[in-house]
Amino acid sequence: MKPIMHLCVRICVVLAVGGVLRAQAAPFVPESDSQVLERLPFTASDPVIRELRALHSRLKDEPNNLPLAIRLARGYLELGRVTGDPRYAGYAQAALAPWWDLKQAPQEVLVLRATLRQRLHQFDAALADLATVLNANPRNAQARLTRATVLQVQGVYEGAREECRALQGLTQELVWAACLTSVNGVTGMLDESHRQLRAALDKYPNAQPGVQSWVLTSLAEMAARAGMAQEAEAHFGAALAVDAADNYLLGAYADFLLDYDRPQEVLVLLRDKTRADPLVLRYALALQAQHSKELPAQVEQLRDRFEASRLRGDRVHLREEARFTLHLLDAPKSATATGPCCSATAR
């Protein structure tokens with residue numbers, strides 16, 4: 001979760017399509033150890049990469065060092081948020097390997113495991129982990145916030161609302177207010193929720209950047225749903241000024257621009273940010289709106305990416321794949337065959 005630990009984001013499952021997607025390809029095998037498979041957006045000298053490599057090296061020598069493993073796992077989760085690359089979730093899980101399968105794992109591991117399971121749509125397993133944590137420590141704010149996220153994604157709004165209210169006194173007002181207004185904003189109290197969250201943000205102008213970005217993005221989405229285009233534009237701009245690398249924010253703003261028939265701005269926004277599948281999708285939708293000759297190549301790239309995800313067993317971008325199938329492949333029946341999906345993207 002972004003306010004206290006990290007964003008909880010993005011999910012996908014196997015597509016059951018009849019003839020729309022190509023047959024599953026055989027796994028790719030490099031021709032040699034020197035073959036370059038992919039160029040990552042970070043260099044070896046990047047301070048984030050250097051720190052994670054140092055932590056990883058230490059953990060190899062001390063595999064049962066729990067504080068070290070927690071620190072490394074959180075670092076991988078944050079890197080996954082920045083890059084939009086779901087593989088970092090696997091690296092985070094690997095860091096927690098000695099404790100991953102334990103029913104009575106340490107609380108920090110249980111919360112991280114719940115976060116990762118939520119991303120994979122393993123909601124019942126995530127809730128079970130969180131219940132274990134909260135039974136032992138009802139004041140664990142991160143567990144409360146993550147549980148509120150999972151319940152909202154499932155549409156269990158009253159349960160999510162109770163978890164947000166339970167955060168009062170456990171964390172800063174802006175965090176629990178953002179949690180509560182997020183639930184209320186999708187249950188018939190949109191305008192009121194927008195006013196309340198904006199007032200809360202005004203009270204804390206020096207809040208942590210991660211909290212500011214989360215709240216501003218929430219305000220932007222509320223304003224967009226309420227048809228307040230100018231307010232939404234202002235909130236999106238303020239959020240991007242705080243964190244221009246947030247893939248969820250970039251995707252939400254791109255959707256806003258597409259809804260208002262501004263595809264050229266989407267192309268400018270995302271042209272150099274197409275590592276993350278959800279952003280490639282928005283980029284392709286903007287190309288489609290402009291009848292661009294570049295569109296077929298982007299569609300093929302997305303097709304290959306989703307096939308690769310299924311080969312890896314990823315369940316990270318289900319909603320994006322359904323949207324791709326509906327709008328870019330023009331296959332509505334196949335799009336609805338993707339299986340259950342979240343009612344909202346959990347942050």
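As shown above, the structure is provided for reference.
In this report, the structure presented in the accompanying data block is examined. (Residues numbered from 1 in each chain as written. Predicted model: local features only at pLDDT ≥ 70, side-chain atom pairs only at ≥ 80, totals over all residues. Heavy atoms only, no water.)

## Remarks on the packing of helix 8 (residues 157–166) against helix 9 (residues 173–184)
Formally: Axes here mean lines fitted to C-alpha atoms, for a helix over just the part in contact, with angles spanning 0 to 180 degrees between N-to-C directions. Helix and strand assignments follow DSSP, with helices taken as H or I runs no shorter than four residues and strands as E runs no shorter than two, numbered in order from the N terminus. Here is the rule for angles: anything less than 35 degrees is roughly parallel, anything more than 145 is roughly antiparallel, 65 through 115 is roughly perpendicular, and the remaining ranges are oblique. Definitions for this section: a left-handed crossing has its near helix turned counterclockwise from the far helix by less than a right angle. A right-handed crossing has that turn clockwise. Pairs of residues are marked as contacts when any of their non-hydrogen atoms sit within 4.5 Å.
Look at helix 8 against helix 9: their axes get within 8 Å of each other, and the N-to-C directions meet at 165°. Comparing their axes, helix 9 and helix 8 come out roughly antiparallel. For the pair helix 8 and helix 9, the crossing hand works out as left-handed. Of the residues in helix 9, those in contact with Y157, A160, R161, C164 and R165 of helix 8 are W176, C179, L180, V183 and N184.

## Regarding helix 14 (residues 263–270)
Helical geometry note: an α-helix holds 3.6 residues per turn, so side chains three or four residues apart project in the same direction. Our working definition: In this scheme, a residue with accessible area under 20% of its type's maximum is buried, one over 50% is exposed, and one in between is partly exposed, where area comes from a 1.4 Å probe on protein chains only. Taking the helix axis as origin, the arc is that swept by the directions to the C-beta atoms.
Of the positions making up helix 14, those classed as buried are P263, V266, L267, L269 and L270. Summarising the axial view, the buried residues of helix 14 lie within an arc of 165°, below the 170-degree limit, and thus occupy one face. For helix 14, the secondary structure elements touched by its buried residues are helix 13 (247–259) and helix 15 (277–289).

## A look at the side chain of E320
Inclusion rule: The term polar contact refers here to a pair of N or O atoms within 3.5 Å; inside protein, the definition further demands a hydrogen-donor-capable atom paired with an acceptor-capable atom, and it admits residues adjacent in sequence only when both atoms are side-chain atoms.
Relative to the helices and strands, E320 is located in helix 17 (residues 318–328). By relative accessible area, which is 8% here, E320 ends up buried. Side chain to side chain, E320 and R282 meet in a polar contact 3.4 Å long.

## So, the packing of helix 6 (residues 123–136) against helix 7 (residues 141–154)
Rule in force here: Only Asp, Glu, Lys and Arg are considered charged in this grouping, and only Ala, Val, Leu, Ile, Met, Phe, Trp, Tyr, Cys and Pro are considered nonpolar; every other residue, Gly among them, is considered polar.
Packing of helix 6 against helix 7 leaves a shortest axis separation of 10 Å and a crossing angle of 150°. With respect to each other, helix 6 and helix 7 are oriented roughly antiparallel. For the pair helix 6 and helix 7, the crossing hand works out as left-handed. Contacts between helix 6 and helix 7 pair F123, D124, L127, L130, V133 and L134 from the former with A143, R144, T146, R147, V150, L151, V153 and Q154 from the latter. Considered class by class, the residues forming the contact of helix 6 with helix 7 number 9 nonpolar, 2 polar and 3 charged.

## Comments concerning the environment of K103
Relative to the helices and strands, K103 is located in the loop between helix 4 (97–100) and helix 5 (107–119). Of the residues examined, K103 reaches a relative accessible area of 73% and is grouped as exposed. Between the alpha carbons of K103 and T132 there is a distance of 9.0 Å; along the sequence they are 29 residues apart. Not counting chain neighbours up to four residues away, the residues in contact with K103 comprise L110 and R113.

## Considerations on the state of the cysteines
Defined as follows: Only a pair of cysteine sulfur atoms within 2.5 Å counts as a disulfide in this structure description.
Evaluated as defined, the whole model comprises 1 disulfide. Across a sulfur-sulfur distance of 1.9 Å, C164 and C179 are joined as a disulfide pair. The sign of the -65° torsion about the S-S bond sets the C164-C179 disulfide as left-handed. Here the residue C164 occupies a position in helix 8, and C179 occupies one in helix 9, the gap between them amounting to 15 residues.

## Details of the pattern of salt bridges
Put simply, the test is: Salt bridge, as used here, is a side-chain nitrogen of Lys or Arg placed within 4 Å of a carboxyl oxygen of Asp or Glu.
Enumeration over the complete set of coordinates arrives at 16 salt bridges. For K203, the salt bridge goes to E173, with nearest N and O atoms at 3.0 Å. Of this pair, K203 sits in helix 10 (residues 190–203) while E173 sits in helix 9, placing them 30 residues apart in sequence. Exposure remark for E173: the relative accessible area of 24% places this residue in the partly exposed category. In this structure, the salt-bridge partner of E300 is R303, at a minimum N-O distance of 3.5 Å. Residue E300 and its partner R303 are both found in helix 16 (residues 295–312); the two are separated by 3 residues, about one turn of the helix. By relative accessible area, which is 15% here, R303 ends up buried. Through salt bridges with shared partners, a single ionic network connects D255, R282, E320 and R323.

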